[in-house]
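Descriptive analysis of the structure
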Amino acid sequence: MNKPSSAPLDIKFAKIKAVTIALRPAPLQESLDALKKRLGPTPGVYSAEPAVLDFSAWNDTELTEHGIELKAYADMLKAAGVLLVEVRGQNETLEAQAEELGLRFEVGQADLAEPAPAGAPTAVAAPEPEAPAKASTVQKADSEQATHPAVPSFDKARRTMVIDQPVRSGQKIYAQGADLIVMGQVSAGAEVIADGNVHVYGVLRGRALAGAAGDTQARIISTSFEAELVAVAGYYLTFEGGFPEENRSKPTLIHLDHGTEPAVLRLKAINIR
């Protein structure tokens, strides 16, 4: 008969979900500037998240020519409240830098090296570094200038995660490679994230982040809009100064307007009756 262990602890290995920041070859300062824009102000969209820096797309020559220093990235992530837990790449110098910082190093291949198998979920990856982040102040939607974006087409159906209860303060829901539907309230201090679209059929008071893996066609829909923060593919808005009257506590669509350069995150009142 097996007896329960009396040891004061057990060791178990488990994988954690982390935001993967896939960096493309660029000079160090340019790369850091792009990362800073993506992270936004502190606390930003990715604060309190474990993160992986992926240099798999870099070769030895590019890493040397661009003077890559892991500590610079680690310091920036730390300042934004993001916990760097792993570095990926194929370079011994990069591995040595990771070891000096006490970071796990994993030999990785570039994302495009081989296609994902059919039906596999989309990997979590940040959009390309050069994409600029939107300013964090609220912008009032201009119905005359902002047009509804065209309906995107997909090669295959995207999975959907459905949460049939309220999301309480302090909770975080992440639909990896999927759309997210919440059948209830998202409380202040809660966070709902999806690689696809986010639907909240209830009051949205917390944070909602769509297109977390870089899908700029993703949207957020709320039947009662009172959010702390909304973001699509890293472009975000906060609402310390209040809400536009046409959106406050009303059905609202949040989407990226690609008719401007850079793109602008828009709020659009919708009629769902």
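Coordinates for the structure precede this section.
Residues numbered from 1 in each chain as written. Predicted model: local features only at pLDDT ≥ 70, side-chain atom pairs only at ≥ 80, totals over all residues. Heavy atoms only, no water.

So, about unusual backbone geometry. A positive phi angle, close to 55°, is found at Ala 233, a residue other than glycine. Position of Ala 233 among the secondary structure elements: in the loop between strand E12 (229–232) and strand E13 (235–238). Residue classification places Ala 233 among the buried residues on the basis of a relative accessible area of 2%. Of note, Ser 249 is a non-glycine position whose phi angle comes to about 60°, a positive value. Inspection of the secondary structure assignment puts Ser 249 in the loop between E13 and strand E14 (252–257). (Helix = DSSP H or I, 4+ residues; strand = E, 2+ residues; numbered from the N terminus. Buried < 20%, exposed > 50% of the residue type's maximum accessible area, 1.4 Å probe, protein only.)

This brings us to the pattern of salt bridges. Across all of its chains, the model carries nine salt bridges by this definition. For Arg 88, the salt bridge is made with Glu 86, and the minimal N-O distance between the two is 2.8 Å. By relative accessible area, which is 23% here, Arg 88 ends up partly exposed. For Arg 207, the salt bridge identified is with Glu 191, shortest N-O distance 3.7 Å. In this pair, Arg 207 sits in strand E10 (residues 207–210) while Glu 191 sits in strand E8 (residues 191–194), placing the two residues 16 residues apart along the sequence. As far as the burial class goes, Arg 207 and Glu 191 line up, both buried. Put simply, Glu 86, Arg 88, Arg 104 and Glu 106 are held in one network by salt bridges that share partners. (Salt bridge = Lys/Arg side-chain N within 4 Å of Asp/Glu carboxyl O.)

Here we take up helix H1 (residues 28–39). Because the α-helix completes a turn every 3.6 residues, residues three or four places apart line up on one side. Between its first and last C-alpha, H1 extends 16 Å over twelve residues, near the 16 Å set by a 1.5 Å rise per residue. Those residues of H1 that fall on the buried side of the exposure criterion are Leu 28, Ser 31, Leu 32, Ala 34, Leu 35, Arg 38 and Leu 39. All buried residues of H1 fall inside an arc of 160° around its axis, so they share one side. Looking at H1, the residues exposed on the side facing more than 90 degrees away from the buried face are Gln 29 and Lys 36. Along its buried surface, H1 packs onto strand E1 (19–22), helix H3 (70–79) and E13. (Expected span 1.5 Å × (residues − 1). Arc of directions from axis to C-beta. Contact = heavy atoms within 4.5 Å.)

On their own, these measurements won't tell you what the molecule is for.
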